[in-house]
Amino acid sequence: MSKEYMIRVFKRKRVWICLFLTLVINYFDFSQRSIVAPLKDVTILQSAFNENILIWGRGLLGYFLYTFLLFILASICLSDLISEDMETKLINIELTKKKKSKYVRDAYLNNFVIGGFFTLLPIVINLMLWLMIRPMWHLNFINSGLDNHVIFSSIFSKNIFLFYFLVFIKIFVMGGIIASFALFMNTKYKSSYLGVIGVLIIDIIVQYLVSIISSLTGNFISFDGLMSLTTDIMYVDFNIFTSLYLLIMIFIPIIYFVRFSKQRDFI
Amino acid sequence: MKKIIKFLIVALLLGFIFRVYSLNKTYPKDEKIKEYQLNEPITYKNIQIKVSGFKLNDLRGKDDPRILDVYFDVKNFTDKEISLYDVPNSFVLYQNFSNSVIQNTIEEGIPSDYKISYKKEDMVLKAKEEKKFTFKYMVEDYDMNRKNFLYINNNLYKDQYMDYFDKGYLFYEIINLGDIYE
């Protein structure tokens, strides 16, 4: 993460959209819950670690908004980087300073990190807010109210901080993947907003297609799109279809940018 | 402007740390688990409970959950009637996080799927009475790494629970079932 890109992100007005969406998601997560002091003697305890948006917030409005808004959060800040540079001819100045392959690689990596960061931001803020209301009980099999389908659930009972660290890394990487695909769409079609909504539309279409195919053929195909791979920490079925789709979403931008950095024609 | 933002962020973080610290001071951070084995009598103020065994019924297909019969001996010490019905979810079967409540108690008007099932009046123990129950639980598919145990609801030992709570512990009593798939 270089300083030049940091300044670029935080000088733009779009960063305020991200902060506003973070506020909206957290407002709707808290507005549907009662936040009185937790009960002491019930079986399932109200802890910050099981009451936040990822676990008990599933199915509430805040979580529902997050599943859609994360595509905007991931890609609105920096994913029109190359297309904007090409439009303002700033890329000509950049390319006098460094090689094109380095320029593209920097753009890809910085966009990945910024995308992951802003996808993760609402979740981290949410967990911090819950930590201010709920105690950090010692959670075990009995009082956490989870089930075995939670990914990393074996770590949850041993080290809860490691569990949240892993979950955050997962969300960060998925946010980065979404942002990279948005960068690819914006660069290819020379637009500054197509990628923001385009990845969401592609993801929804793919999920619908899979469910249509599975209902036509009569075989149930278990499939998770980018949406549920990012947010869902339960019932993620990482089978061949899901991993194939994820690999396609990762490698299309990479292949495109490798070829893009070898083109010499647009200066 | 930059300095003000930096100052605000640091102030917010300090406030957050102080709030989390002061909130967690009064709550327990550790746990104490008392583990009973099979056939070990568990004595409370007015009842005694013993789990004498269990049997796995592979009634349905492979993908469906199976049924585990657990045999309970419950004894009433006192001269008064005691109803197990008053303790909701008195014994819950856990397999790591997944859990199952007793399947064969019947609410009024709802037919039961099981041959042995208990109505509200069947769960009452008369004075000095000893009764045997067979409670049925749903079991998940085989997984060696899971810990299978029955959790005894803390309503049955609430005084002890609150004592330990004040000392900084969460107190639970469980009956370890070991490998239920044998």
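Definitions and limits used
Positions within a chain are numbered from 1, following the residues in the order the chain's sequence is written. Throughout, the order in which chains and ligands are written sets their labels, letters from A for the former and numbers from 1 for the latter. With the structure being a predicted model, the display of local features is reserved for residues of pLDDT at least 70 and the display and counting of side-chain atom pairs for 80 or more, all residues being used for whole-chain, interface and lining totals. Neither water nor hydrogens contribute to the side-chain values; these are computed over all heavy atoms in the structure. The secondary structure listing takes helices from DSSP runs of H or I that are at least 4 residues long and strands from runs of E that are at least 2 residues long, numbered from the N terminus. We take the radius of gyration over the C-alpha atoms and set the globule estimate at 2.2 Å times the residue count to the 0.38 power. Relative accessibility thresholds used throughout: buried, under 20% of the residue-type maximum; exposed, over 50%; partly exposed, between the two (1.4 Å probe, protein chains only). By definition here, a salt bridge exists when the distance from a side-chain nitrogen of Lys or Arg to a carboxyl oxygen of Asp or Glu is within 4 Å. This arc is taken over the directions from the axis of the helix to the C-beta atoms. A patch is a set of surface residues, each over 30% in relative accessible area and not in a salt bridge, joined within 9 Å for like charges and within 5 Å for the nonpolar side chains Val, Leu, Ile, Met, Phe, Trp and Tyr. In short, Shrake-Rupley with a 1.4 Å probe defines the accessible areas, and a residue's cover is counted only from the protein chains shown. Should any heavy atoms of two residues lie within 4.5 Å, those residues are counted as being in contact. N or O atoms within 3.5 Å of each other form a polar contact, as long as, within protein, one can give a hydrogen and the other can take it, and as long as residues adjacent in sequence are counted only when both atoms are side-chain atoms. Strand pairing requires that DSSP identify at least two bridges connecting the strands. Where helices are involved, their axes are fitted lines through C-alpha atoms of the stretch in contact, as for all axes, and angles between N-to-C directions lie from 0 to 180°. Two helices cross in a left-handed way if the nearer one is turned anticlockwise from the farther one by less than a right angle. They cross in a right-handed way if the turn is clockwise. In the scheme used here, Gly and all other residues not listed as nonpolar or charged are polar, with Ala, Val, Leu, Ile, Met, Phe, Trp, Tyr, Cys and Pro taken as nonpolar and Asp, Glu, Lys and Arg as charged. For the purpose of counting charges, residues Lys and Arg are taken to be positive, whereas Asp and Glu are taken to be negative. His and the chain ends are not included. Throughout, a charge is located at the NZ atom of Lys, the CZ atom of Arg, the CG atom of Asp or the CD atom of Glu.

### Comments concerning the overall build of chain B
Reasoning step 1: What chain B contains, in helices and strands, is two helices and 11 strands.
Reasoning step 2: Counting from the amino terminus, helix and strand elements in chain B follow one another as α-β-β-β-β-β-β-β-β-β-β-α-β.
Reasoning step 3: Taking 2.2 N^0.38 as the reference for a compact globule, 182 residues should give roughly 16 Å; the C-alpha atoms of chain B span a radius of gyration of 22 Å, well beyond that estimate.
Reasoning step 4: The buried share of chain B, reckoned over its 182 residues, is 40%.

### Some details on the pattern of salt bridges
Residue and element names in this part refer to chain A.
Reasoning step 1: As enumerated under the stated definition, the model contains 17 salt bridges over all chains in all.
Reasoning step 2: R8 is the salt-bridge partner of E84, the closest N and O atoms lying 2.9 Å from each other. Placement of E84 in helix α5 (residues 81–87) and of R8 in helix α1 (residues 3–11) is noted, with a sequence separation of 76 residues between them.
Reasoning step 3: On the basis of relative accessibility, which here comes to 29%, the residue E84 falls in the partly exposed class.
Reasoning step 4: Residue R8 is classed as buried on the basis of its relative accessible area, which comes to 17%.
Reasoning step 5: Taken together, the shared-partner salt bridges connect R8, R12, R14, D80, E84 and D85 into one network.

### Thoughts on α1(A)
Residue and element names in this part refer to chain A.
Reasoning step 1: For α1, the complete set of buried residues consists of Y5, R8 and V9. The buried residues of α1 all sit within an arc of 95° when viewed along its axis, so they share a single face. Away from its buried face, by an angle of more than 90 degrees, α1 presents the exposed residues K3 and K11.

### A closer look at a nonpolar patch on the surface
Residues and elements named next belong to chain A.
Reasoning step 1: Side chains of I197, I201, I205, Y208, L209, I212, I213 and L216 sit close together on the surface and give an oily, nonpolar patch of about 800 Å² of accessible area.
Reasoning step 2: Take I201: it is sitting in helix α10 (residues 194–217).
Reasoning step 3: With a relative accessible area of 44%, I201 lands in the partly exposed category.

### What to know about the environment of A:N50
All names here are of chain A.
Reasoning step 1: Among the structural elements, N50 can be located in helix α3 (residues 48–51).
Reasoning step 2: Residue class for N50 comes out buried when judged on its relative accessible area of 0%.
Reasoning step 3: Considered as a pair, N50 and S75 are 25 residues apart in the sequence and their alpha carbons are 29 Å apart.
Reasoning step 4: Residues in contact with N50, not counting those within four places in the same chain, are L45, I55, W56, L139, N143, S144 and Y164.
Reasoning step 5: A distance of 3.1 Å separates the side chain of N50 from the backbone nitrogen of S47, its partner in a polar contact.

### Some points on the sheet that holds strand β4 (residues 66–76) of chain B
Residue and element names in this part refer to chain B.
Reasoning step 1: Here we have four strands laid out as an open sheet, ordered β2-β3-β4-β9, and antiparallel in their pairing. Looking at strand neighbours, the two that pair on one side only are β2 (42–43) and β9 (130–139), the edges of this open sheet.
Reasoning step 2: The pairing of β2 with strand β3 (residues 47–57) spans two bridges and is classified as antiparallel. Residue I42 lies in a different strand from β3, and its bridge partner there is I49.

### As for the packing of helix α4 (residues 61–75) of chain A against α10(A)
Residues and elements named next belong to chain A.
Reasoning step 1: Close contact between α4 and α10 brings their axes to 8 Å; oriented N to C, the two are set at 140°. Relative to α10, the crossing made by α4 is right-handed. Facing α4, whose interface residues are F68, F71, I72 and S75, α10 presents G195, V196, V199, L200, D203 and I204.
Reasoning step 2: Among the residues making up the contact of α4 with α10, the classes are represented as seven nonpolar, two polar and one charged.

### Here we look at the sheet that holds strand β1 (residues 30–36) of chain B
The pairing of strands in a sheet comes from backbone hydrogen bonds and takes either a parallel or an antiparallel form.
Residues and elements named next belong to chain B.
Reasoning step 1: With respect to topology, five strands assemble into an open sheet ordered β1-β11-β10-β6-β7, the strand pairing being mixed. In this open sheet, the two edge strands, each paired with only one partner strand, are β1 and β7 (98–100). Strand-to-strand twist in this sheet, taken as the mean axis angle between neighbours without regard to direction, amounts to 35°.
Reasoning step 2: Both strand β6 (residues 91–95) and strand β10 (residues 148–152) contribute to a ladder of five bridges, which runs antiparallel. Bridge pairing links F91 to I152 in β10.
Reasoning step 3: Packed on one face of the sheet, helix α2 (residues 158–167) meets β1 and β11 (169–176) and runs near 135° to β11.

### Regarding a positive patch on the surface
Reasoning step 1: There is a patch of like positive charges on the surface, built from A:K3, A:K11, B:K2, B:K3 and B:K6.
Reasoning step 2: Counting residues per element, the ones that place at least two in the positive patch are α1 of chain A together with α1 (2–24) of chain B.
Reasoning step 3: No other element matches the three residues that α1(B) contributes to the positive patch.
Reasoning step 4: Note that B:K3 resides in helix α1.

### So, the side chain of B:N104
Residues and elements named next belong to chain B.
Reasoning step 1: You can see N104 is positioned in the loop between β7 and β8 (124–125).
Reasoning step 2: Within the structure, the side chain of N104 is placed 3.2 Å from the backbone nitrogen of K136, a separation counted as a polar contact.
Reasoning step 3: Residues in contact with N104, not counting those within four places in the same chain, are Y114, I116, S117, Y118, T134, F135 and K136.

As far as function goes, none of this settles anything; it's purely spatial.
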